[in-house]
Amino acid sequence: YTSTAIVLLLLLNCTFCLALWCYDTQYSCEESCRDPSRWAAQFPSCRGLRQSPINIVTSKAHSNSALPPFNFIGHNKQINVSLENTGHSATFSLPQSVRLSGGGLPGNYRAANFHFHWGREGSPGSEHTIDGERLPMEMHIVHIKEPYGSLAEAEHDMAGIALLAFLFQESAEDHPHLDTVIEALGRVQNNGSSTEIMNFRLSDIVPSASELHSYYRYVGSMTTPGCEQDVAWTVFKRMLPISSRQLNALVLKCRFWTGQPMIDNFRPIQPLDGRVVYKSNSDSLFPSLTLLILSFTSYLEI
Ligand SMILES: *[C@@H]1O[C@H](CO)[C@@H](O)[C@H](O)[C@H]1NC(C)=O
Ligand SMILES: *[C@@H]1O[C@H](CO)[C@@H](O)[C@H](O)[C@H]1NC(C)=O
Ligand SMILES: [Zn+2]
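Residues numbered from 1 in each chain as written. Chains lettered and ligands numbered in written order. Predicted model: local features only at pLDDT ≥ 70, side-chain atom pairs only at ≥ 80, totals over all residues. Heavy atoms only, no water.

- Under the annotation held in an unreviewed UniProt entry, the chain carries the name carbonic anhydrase and is attributed to Periophthalmus magnuspinnatus.
- UniProt's Sequence similarities (unreviewed entry) comment on the chain is quoted here verbatim: "Belongs to the alpha-carbonic anhydrase family." (UniProt positions renumbered as here; feature names shortened; annotations may be inferred.)

This is the structure we're talking about:
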């Protein structure tokens, strides 16, 4: 009878816990939340055929001349940003004045929020991997196509959501403006807590559009439940710097809703399932121009 009672108790416990999704590192025998391999039981889109993140095999990316640079609007204006610990991540809400167009996307998009995915001390935590390499951290800026008002509305449009991804690589020097973000994360330690960052400029973290010609594009999904598909993903080739001091400080700031340290908040790589990853061909434009000038110069010398 005792063992039956224990099994029943465990079952009851799990029924409660399983209602909540979590990352791999949060899963344990005591806290049986729904880890990424079981998200789909509650959120069917998570087993769709266009899921994110993916591993980008750079040699297999198709050059595409229809991928021009972006126009960023409001990136260098001072804004107030609210930051909330959602229990799964820490989300920085952006005002409607931050927008983008171009980038081969069909329309104008307004920013909703940005957030980061990271690992733990000494272990990287980007969501996308490049030729199998996981980078220390990844920043996502979520944009919703106009005139949609929410992610839910935008979900039924093939490119209703545009996600920009910036990968971070470890640098010897500190990133000059990340400390503001790291300090703010320290003010939202637990689920539900929030704070405000005054006079924040996105351009302090994100380079200008003219420095971001080279990027990868593919169609995927949100990387958290409900894994909504119809996301136009842009992964920039240019990486942003973060020092190991900053990285180690950042990964220690927040806690998940389970109370455990918020580390390794990234979803495992998803199958490509026949999708094509495109790359903007601004790189190839430069060498071919150089080649043209070189051949012209040698022609003159003859
Ligand atoms: C930011 O908040 C401060 C204090 O509430 C306010 O004075 C300022 O006008 C706000 N700035 C913007 C751009 O909204
Ligand atoms: C996290 O906080 C939010 C908002 O405060 C709350 O609605 C939610 O139930 C919390 N989640 C958990 C698992 O405690
Ligand atoms: Zn994300």
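Back to the text.
Comments concerning the site of ligand 1
Working step 1: Looking at ligand 1, the residues that line it are Q78, N80 and M198.
Working step 2: With respect to ligand 1, the side chain of N80 contributes an N or O atom lying 2.3 Å from an oxygen atom.
Working step 3: For ligand 1, the accessible surface in isolation is 360 Å², of which the surrounding protein chains cover 29%. (Near = heavy atom within 4 Å. Polar contact = N/O pair within 3.5 Å; in protein donor to acceptor, adjacent residues only side chain to side chain. Areas by Shrake-Rupley, 256 points an atom, 1.4 Å probe, with all protein chains shown as cover.)

Quick look at the pairing of strand β11 (residues 161-171)
Working step 1: Counting buried positions over the 11 residues of β11 gives eight, a clear majority of the element.
Working step 2: Where strand β10 (residues 137-145) lies against β11, eight bridges are found, and the strand directions are antiparallel. Its bridge partner being in β11, E138 is matched across the sheet by L167.
Working step 3: In terms of strand pairing, β11 meets strand β14 (residues 231-236) through five bridges, oriented parallel. (Buried < 20%, exposed > 50% of the residue type's maximum accessible area, 1.4 Å probe, protein only. Helix = DSSP H or I, 4+ residues; strand = E, 2+ residues; numbered from the N terminus. Pairing = 2+ DSSP bridges.)

Thoughts on the coordination of the zinc ion (ligand 3)
Working step 1: Protein-derived ligands of the zinc ion (ligand 3) are H115 (NE2), H117 (NE2) and H140 (ND1), with the metal-ligand distances lying across 2.0 to 2.1 Å.
Working step 2: Exposure remark for H115: the relative accessible area of 13% places this residue in the buried category. (Donors = N, O, S within 2.8 Å, 3.2 Å for Na, K, Ca; no water.)

A look at the site of ligand 2
Working step 1: Taken together, N191, G192 and W257 are the residues near ligand 2.
Working step 2: In this structure, an oxygen atom belonging to ligand 2 sits 2.6 Å away from a side-chain N or O atom of N191.
Working step 3: Notes on ligand 2: free accessible area 360 Å², of which the protein chains cover 38%.

With respect to the sheet that holds strand β1 (residues 55-56)
Working step 1: Strand order in this open sheet of three strands is β1-β8-β9, and the pairing throughout is mixed. Across the chains shown, the open sheet's two edge strands, defined by having one partner strand only, are β1 and β9 (133-134).
Working step 2: In this structure, β1 lies alongside strand β8 (residues 129-130), joined through two bridges in parallel fashion. If you follow N55 over to β8, its bridge partner there is T129.

Structural notes on the environment of E173
Working step 1: Structurally, E173 is set in the loop between β11 and α4 (178-185).
Working step 2: Taking the relative accessible area as the measure of exposure, E173 reaches 62% and is therefore exposed.
Working step 3: Distance from E173 to S243, taken between C-alpha atoms, is 5.8 Å for residues 70 residues apart in sequence.
Working step 4: Beyond its immediate stretch of four places on either side in the chain, E173 contacts I242 and S243. (Contact = heavy atoms within 4.5 Å.)

Let's talk about unusual backbone geometry
Working step 1: Each neighbour pair has its own omega, and for E146 with P147 the value is 5°, a cis peptide bond.
Working step 2: Among the secondary structure elements, P147 is positioned in the loop between β10 and α3 (151-154).
Working step 3: Here the amide bond leading from P225 into G226 is cis, since omega sits at 5°, within 30 degrees of zero.
Working step 4: Looking at the secondary structure, you find G226 in the loop between β13 (215-220) and β14.
Working step 5: Within the chain, C227 stands out as a residue other than glycine whose phi angle is a positive 55°.

Some details on the nonpolar core
Working step 1: Among the nonpolar cores identified, the biggest contains 56 residues, and F114 and M139 are the most heavily contacted of them.
Working step 2: Counting contributing residues, this core receives three or more from each of domain 1 (1-43) and domain 2 (50-299).
Working step 3: Those residues within four positions of F114 in sequence are excluded, and the remaining contacts are V81, A90, T91, F92, L94, M139, H140, I141, F200 and L202. (Core = buried A, V, L, I, M, F, W, Y, C linked by side-chain atoms within 4.5 Å. Domains from an automatic or database assignment.)

Some details on the packing of aromatic side chains
Working step 1: Within this structure, the stated rule accounts for 15 aromatic pairs.
Working step 2: Their ring planes at 35° and their centres at 6.0 Å tell us that Y23 and F256 sit as a pair that is tilted. Here Y23, found in the loop between α1 (2-17) and α2 (39-42), pairs with F256, found in the loop between α5 (244-250) and β16 (278-280); they are 233 residues apart in sequence, far enough to count as distant.
Working step 3: Where F70 meets F72, the ring centres are 5.9 Å apart and the plane angle is 20°; that geometry is what we call stacked. For the pair formed by F70 and F72, the shared burial category is buried.
Working step 4: Ring-pair connections join several aromatic residues into one group, and the members of that group are F70, F72, F166, Y215 and F236. (Phe/Tyr/Trp six-rings, centres within 6.5 Å; stacked < 30°, edge-to-face > 60°.)

Focus: the pattern of salt bridges
Working step 1: By the definition in use, this model includes nine salt bridges.
Working step 2: In this structure, D179 and R245 form a salt bridge, with 3.1 Å as the shortest nitrogen-oxygen distance. Residue D179 is found in helix α4, and its partner R245 is found in helix α5; the two are separated by 66 residues along the sequence.
Working step 3: On the accessibility criterion, R245 (44% relative accessible area) is partly exposed.
Working step 4: Between E211 and R238 there is a salt bridge whose closest N-O contact spans 2.6 Å. With E211 in the loop between β12 (194-200) and β13 and R238 in the loop between β14 and β15 (240-243), the pair connects residues that are 27 residues apart, well separated along the chain. (Salt bridge = Lys/Arg side-chain N within 4 Å of Asp/Glu carboxyl O.)

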